[in-house]
Amino acid sequence: MQKTTFVKKETALNNRKWYLIDATDLVLGKLAVSAANLLRGKNKVDFTPNVDCGDYLVIINSDKVALTSDKAEKEIWYTHSGYIGGLKAKSGKEMLAKYSNKLVYDAIKGMLPKNTLSRYIIKKLFVYKDANHQQKAQKPIELKIKN
């Protein structure tokens, strides 16, 4: 009879890798799903849902990500400061032009489970607007995501 093995926190810390994804012409939703799976560690054989066994992820060129259909014109992203009259609305074009790294970051964060573990998982994500990033010393492995 085979036994089920679970990853311990110490073992998961030693087996982490760094990955790099170029977001040029990738659909935002598909990028977010792939990134969330990498961050959680669902691509690994010894995936354990209650342990942070995922890898680090660097996403570059977030300003070149693609929004499907007419989301750039019609979709609106809202934020609220908590004060009266503090509702801010931004269109898809404005989000891509000014806040593309926040757009990608929030899409990936929305794909993670809503629990305490996701707060630790999201800290392993680094999103940059252009090709320059600060994690070159870690020598990340470049991944290709199918569109």
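Our structure's up above, just so we're on the same page.
Residues numbered from 1 in each chain as written. Predicted model: local features only at pLDDT ≥ 70, side-chain atom pairs only at ≥ 80, totals over all residues. Heavy atoms only, no water.

**Considering the side chain of Ser62**
Within the secondary structure, Ser62 sits in the loop between β2 (56-60) and α3 (71-74). The exposure class of Ser62 is buried, given its relative accessible area of 0%. Engagement of the side chain of Ser62 in a polar contact is seen with the side chain of Ser100, the distance being 3.1 Å. Setting aside residues no more than four positions away along its own chain, Ser62 makes contact with Ala23, Ser100, Asn101, Val104, Val127, Tyr128 and Lys129. (Helix = DSSP H or I, 4+ residues; strand = E, 2+ residues; numbered from the N terminus. Buried < 20%, exposed > 50% of the residue type's maximum accessible area, 1.4 Å probe, protein only. Polar contact = N/O pair within 3.5 Å; in protein donor to acceptor, adjacent residues only side chain to side chain. Contact = heavy atoms within 4.5 Å.)

**Notes on the sheet that holds β2**
Backbone-to-backbone hydrogen bonds pair the strands of a sheet. The strands run either parallel or antiparallel. Strand order in this open sheet of four strands is β5-β2-β1-β6, and the pairing throughout is parallel. Both edges of this open sheet fall to β5 (125-127) and β6 (141-143), since each of them pairs with a single strand only. Taken pair by pair, the neighbouring strands of this sheet meet at an average axis angle of 25°, ignoring direction. Strand contacts of helix α2 (residues 28-40): β1 (18-22), β2, β5 and β6, with the helix running at about 155° to β2, the strand carrying the most contacts. With respect to the sheet, helix α5 (residues 100-111) is in contact with β2 and β5, its orientation differing from that of β5 by roughly 155°. (Pairing = 2+ DSSP bridges. Axes fitted to C-alpha atoms, helices over the stretch in contact; angles between N-to-C directions.)

**Considering the pairing of strand β4 (residues 87-91)**
When strand β3 (residues 76-80) meets β4, the two strands line up antiparallel, connected through five bridges. Within β4, the position partnered with Trp77 by the bridge is Lys90. The loop that links β3 with its antiparallel partner β4 comprises six residues; one of these, Gly82, has a positive phi angle of about 100°.

**Section: the pattern of salt bridges**
A full pass over the atoms with the stated rule returns seven salt bridges. Asp55 is paired through a salt bridge with Lys44; the nearest N and O atoms lie 3.0 Å apart. Taken together, the positions of Asp55 in the loop between α2 and β2 and Lys44 in the loop between α2 and β2 put the pair eleven residues apart, joining distant regions of the chain. What makes Asp55 buried here is its relative accessible area of 1%. Three or more residues are tied together by salt bridges with common partners; here these are Arg16, Asp52 and Lys124. (Salt bridge = Lys/Arg side-chain N within 4 Å of Asp/Glu carboxyl O.)

**Re the packing of aromatic side chains**
Applying the stated rule across the entire model yields two aromatic pairs. Centroid distance Trp18 to Tyr56: 4.4 Å. Interplanar angle 10°. Geometry classified as stacked. Linking Trp18 in strand β1 with Tyr56 in strand β2, this pair joins segments that are 38 residues apart in sequence. Residue class for Trp18 comes out buried when judged on its relative accessible area of 18%. For Tyr56, a relative accessible area of 24% puts it in the partly exposed group. Both rings, one in Trp18 and one in Phe126, keep their centres 5.7 Å apart while their planes meet at 20°; by these two values the pair is stacked. Pair noted here: Trp18 is in strand β1 and Phe126 is in strand β5, with a separation of 108 residues, a long-range link. Among the aromatic residues, those joined into a ring-pair cluster are Trp18, Tyr56 and Phe126. Stacked on the ring of Tyr99, the Lys or Arg Lys90 has its end atom at 5.1 Å from the ring centre. (Phe/Tyr/Trp six-rings, centres within 6.5 Å; stacked < 30°, edge-to-face > 60°. Lys NZ or Arg CZ within 6 Å of the ring centre and 35° of its normal.)

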